[in-house]
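Per-entry structural report
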There are 2 protein chains.
Amino acid sequence: MNAQPLSGDQRLPIYQRLADILRRDVTEGRLRPGDRVPSDNELSHAYELSPGTVRKALDLLVQEDLFERFHGRGTFVRRPSFDASLFRFFRFRTPDGTKSVPEGRILRRTREKVPSYIARQLKIPEGDAAISMSRLRLIDDVPIVAEEIWLPLQRFEAFLDILTEDVGNLLYPVYDEVCGQLIAKAEESLTAEAASAETARLLRIETGSPVMMIDRLAKGYDGTPMEWRRSRGRADLFHYHTEIR
Amino acid sequence: MNAQPLSGDQRLPIYQRLADILRRDVTEGRLRPGDRVPSDNELSHAYELSPGTVRKALDLLVQEDLFERFHGRGTFVRRPSFDASLFRFFRFRTPDGTKSVPEGRILRRTREKVPSYIARQLKIPEGDAAISMSRLRLIDDVPIVAEEIWLPLQRFEAFLDILTEDVGNLLYPVYDEVCGQLIAKAEESLTAEAASAETARLLRIETGSPVMMIDRLAKGYDGTPMEWRRSRGRADLFHYHTEIR
DNA sequence: TTTCTATAGTTCTATATAGAAGCATATAAG
DNA sequence: CTTATATGCTTCTATATAGAACTATAGAAA
């Protein structure tokens, strides 16, 4: 209730320093996805700032997609959806046109020594053990995407205790519930290649036919790398559309 | 100098109506790329609005990437670069690491009856004549991307009068100078396919090896379709990177 | 139960004002 | 000719204030 002093670099504008504070409140768990952020009024009293300054800070965080505001209801921490993912552009649709989450089937889950490239991506020591998975995503039993997934053992040990059959079609909610790990953002990179014999077998296509390859490094709110994933999908079912200016 | 009334739908907020006016000033050519926009002060006097409201309108247009502001210098209409294009993600680089515009070589330029799919994209009557081009883009004489380009005859007739040898490595400046047509934005869509015999010959790769295919519909400020383009490039030289949240 | 109404909270819009900070140009000083 | 200084412009930050518009809830009325 009492007024708090603004922390942070004095040379920065006040609204940026307030935004930094609220950003940290999220990354350090004091504000969780779905939570209500204190109202403009509450913040302006708590930090003894004019409402316009508070509003500017919140506007910044809304622009960053960290918060979302609802007229008359309040300001909330946005739940990260991964709709913007490149995955969205595989033509994942059932014959009747309804969009649905494709089935996710874990083919293998083992404890392995992590390859050095992936160790660097996940920022764990080379030679450490990690969880390795092979996963297939299907629509109506037709395989669309084959995935290779690596998880750091330290954070995800509990994931080994549950049955792969009990894992649903989405992994990130399981990471949250079983391991307490929240995925907040990710980097993805895309290229195409000719299908290897292994990939062709999984996707039931000809060896050498084109496949899209998407690498994803998923991270927590604080930027810690959480999951590395390489997905290969049939190129003929992939279509990415964008507007440029 | 005198105060002008705000046009537009009375029910909309003032700052949105001012933004609409300025947006139209651009689409209708009263403000051209690179031009200076009247200062906050001039606008607030001209429309009799408080400076805060004017600023909010300009902020909106900056967010849309239509304007850019420079502290102490002024506000300007942004020159559309096409850096965000998917093209950027072909590894266009010379051995010494310096980035450069790849060479553009026009292989063919003819007057053709436009295929119906492209007619629909360009919004011209089916069966109309149009300019058809085949173009190759190379780095150090190594072909990277092969392009098929269609232009509506009506706007681009003057383009037929110049020698293809005189066309430089960039087409859009030529469209502007020779035909007075400004490209402002574009839609692109990306997929991958196996190289046809023709594509393989142009790119000097094996038939059937994977190529990235990018379709682009380029438009003017008012949204009029200007150019349709299909580009095929070696998939092994393509790499797209993005961040999602 | 259902429907209306008042109320207190929220975000959103708009105004007015003041000064800081950055940039470009003209002018003065060396 | 070169360098400093002053000036007038620009955008940027911050405050204070007022009311509109929207939402949820509680309580009254039908």
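1. Description of the protein's contact with DNA strand D
DNA strand D sits among 21 residues. The nearest are A:I14, A:T53, A:H71, A:R73 and B:R55. Of everything in DNA strand D that lies within 4 Å of the protein, sugar and phosphate atoms constitute 83%. Between DNA strand D and the protein, one listed contact pairs a phosphate oxygen with a side-chain N or O atom of A:T53 at 2.5 Å. B:H71 places a polar side-chain atom, nitrogen or oxygen, 3.0 Å from a base oxygen of DNA strand D. For the surface near DNA strand D, the secondary structure elements donating two or more residues are helix 1 (14–27) and helix 3 (51–63) of chain A together with strand 2 (67–70) and strand 3 (74–77) of chain B. No other element matches helix 3 of chain A, which puts 3 residues into the surface near DNA strand D.

2. As for the domain arrangement of chain A
All names here are of chain A. Taken as a whole, chain A is organised into domain 1 (14–77) and domain 2 (83–237). In this structure, domain 1 and domain 2 have C-alpha centres spaced 33 Å apart. Listed per partner, the contact involves 6 residues of domain 1 and 4 residues of domain 2. Note on domain 1 versus domain 2: buried area summed over both sides is about 370 Å², and carbon and sulfur give 70% of it. Its largest share of buried area at the contact with domain 2, domain 1 owes to T27, R32 and P33, together 75% of the area lost on that side. Summed over the shared surface of domain 1 and domain 2, the number is 0 salt bridges. On the surface where domain 1 and domain 2 come into contact, there are 0 residue pairs in polar contact (both at pLDDT 80 or more). When its residues are assigned to classes, the side of domain 1 that touches domain 2 shows 4 nonpolar, 1 polar and 1 charged.

3. Regarding the pairing of strand 7 (residues 185–194) of chain B
Summarising the sheet, strand 10 (residues 240–244) of chain A and strand 7 of chain B pair through 5 bridges and their orientation is antiparallel. Bridged to A:I244 within strand 7 of chain B is B:A186. In this structure, strand 7 of chain B lies alongside strand 8 (residues 210–219) of chain B, joined through 10 bridges in antiparallel fashion. The partner of B:E188 across the bridge, within strand 8 of chain B, is B:R216.

4. Things to note about the environment of A:R204
Residue and element names in this part refer to chain A. As for its position among the elements, R204 is in the loop between helix 7 (197–203) and strand 8 (210–219). With 62 residues separating them along the chain, R204 and V142 place their C-alpha atoms 8.7 Å apart. Setting aside anything within four residues of it in sequence, one finds R204 in contact with D141 and P143.

How each quantity is defined
- All residue numbers here refer to positions counted from 1 along the written sequence of the relevant chain.
- Just so you know, chain letters begin at A and ligand numbers begin at 1, following the order they were written in.
- Since the coordinates come from a predicted model, pLDDT governs what is reported: local features require at least 70, and pairs of side-chain atoms require 80 or more to be given and counted, while whole-chain, interface and lining totals use all residues.
- With hydrogens and water set aside, each side-chain value is computed from the structure's full complement of heavy atoms.
- Any residue with a heavy atom lying within 4 Å of a molecule or strand is counted as near it.
- Pairs of N or O atoms within 3.5 Å make up the polar contacts considered here, provided that, within protein, one atom can donate a hydrogen while the other can accept it, and that residues adjacent in sequence are counted only when both atoms are side-chain atoms.
- Counting from the N terminus, the helices are DSSP H or I runs at least four residues long and the strands are E runs at least two residues long.
- Segmentation of the chain into domains, including their bounds, is taken from an automatic or database domain assignment.
- Contacts: residue pairs with any heavy atoms within 4.5 Å of one another.
- Buried area adds together the accessible area that both of two parts lose upon being put together, with accessible area traced by a 1.4 Å probe.
- Any carboxyl oxygen of Asp or Glu that lies within 4 Å of a side-chain nitrogen of Lys or Arg is treated as forming a salt bridge with it.
- Each residue is assigned to one of three groups, with Ala, Val, Leu, Ile, Met, Phe, Trp, Tyr, Cys and Pro labelled nonpolar, Asp, Glu, Lys and Arg labelled charged, and all others, Gly among them, labelled polar.
- Pairing between two strands requires that DSSP report at least two bridges joining them.

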